[in-house]
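Structural overview
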Amino acid sequence: TAFSNYTGTLEMLFLNITQALETYHARFVTDDVKDYVEIVDKSYDDIPPKWKGLLLKEGQRTARHIFLASRIAYLLFKTSTEASIVSMFLPPSYKLEDYINKVVDTRHYYTHYNPAQQAKSFSKDELPLINGYLLALLQYHMLTLLGFDGEEVRKKLVSRLKRLVNTYNVTQDVLSDHTE
């Protein structure tokens, strides 16, 4: 859906992309909690505790499934443990933990509709930007899995994300001019 000319609604595209990221992680990393905890413990023992806390959210070690937040954090960190590169996959003005939590909250809001969760979710106006960033993260992992050079993929995605942000900002400016 994300690569077709018709993506449906922004909400459906968001759900499709988050499901694709979750499925990618399950198939190409692991879908077993114990394996996941072991991978994180062995691969990321030298990162700051705060970042490790994102990879292994509270309760993850004893859970029966891998949390979406843990999967998204892993896919972000798998791009590089360098903060500057990880931040490439974050929309402007978002902190890593807040972004991950908001992706999860938004997915839960649209999947298990609860009006109380709407305030913790991305707004409909934010979804074009968020969908673009999540799609870039998915594209990065798919292209590197296929053997494309990670640095070249990053360069292309940085260029695409800059255009996305510019377009989003212009659109928001135009919309705000019309609502004032």
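Report on the accompanying structure. This one's a predicted model, so the numbers in the text were calculated from it and none came from an experiment.

With that out of the way, let us pick up the overall build of the chain. Helix and strand counts for the chain come out as eight helices and zero strands. Here the chain holds 180 residues, and 43% of them are scored as buried. Working note: accessible area of the chain is about 10,300 Å², and carbon and sulfur atoms make up 53% of it.

This part takes up the packing of helix α1 (residues 10–28) against helix α4 (residues 68–79). Two quantities define a packed helix pair, namely the angle between the axes and the distance from one axis to the other. Between α1 and α4, the least distance of the axes is 10 Å, while the angle of their chain directions is 75°. On the basis of the axis angle, α1 is roughly perpendicular to α4. Across the interface between the two elements, Thr18, Leu21, Glu22, Tyr24, His25 and Ala26 of α1 pack against Leu68, Arg71, Ile72, Tyr74 and Leu75 of α4. Here the contact of α1 with α4 is built from residues that sort into seven nonpolar, two polar and two charged.

What follows is about unusual backbone geometry. Not every positive phi belongs to a glycine, and serine 93 is a case in point at roughly 75°. Here serine 93 shows up in the loop between α5 (83–86) and α6 (96–111).

Inspection of every chain in the model, using the stated rule, returns eight salt bridges. One salt bridge connects lysine 124 with glutamate 11, and the closest N-O pair in it is separated by 3.7 Å. With lysine 124 in the loop between α6 and α7 (127–145) and glutamate 11 in helix α1, this residue pair connects regions lying 113 residues apart in the sequence. For the salt bridge of arginine 154 with glutamate 151, the shortest nitrogen-to-oxygen distance reads 3.1 Å. Residue arginine 154 and its partner glutamate 151 are located together in helix α8 (residues 150–179), separated by three residues, close to a single helical turn. With relative accessibility at 39%, the residue glutamate 151 sits in the partly exposed group. Through salt bridges that share partners, Asp41, Lys52 and Arg61 make up one connected network.

Rules used in this analysis
- Residues numbered from 1 in each chain as written.
- Predicted model: local features only at pLDDT ≥ 70, side-chain atom pairs only at ≥ 80, totals over all residues.
- Heavy atoms only, no water.
- Helix = DSSP H or I, 4+ residues; strand = E, 2+ residues; numbered from the N terminus.
- Buried < 20%, exposed > 50% of the residue type's maximum accessible area, 1.4 Å probe, protein only.
- Areas by Shrake-Rupley, 256 points an atom, 1.4 Å probe, with all protein chains shown as cover.
- Axes fitted to C-alpha atoms, helices over the stretch in contact; angles between N-to-C directions.
- Parallel < 35°, antiparallel > 145°, perpendicular 65-115°, else oblique.
- Contact = heavy atoms within 4.5 Å.
- Nonpolar A, V, L, I, M, F, W, Y, C, P; charged D, E, K, R; others polar.
- Salt bridge = Lys/Arg side-chain N within 4 Å of Asp/Glu carboxyl O.

The quantities given are spatial measurements derived from coordinates; they are silent on function.
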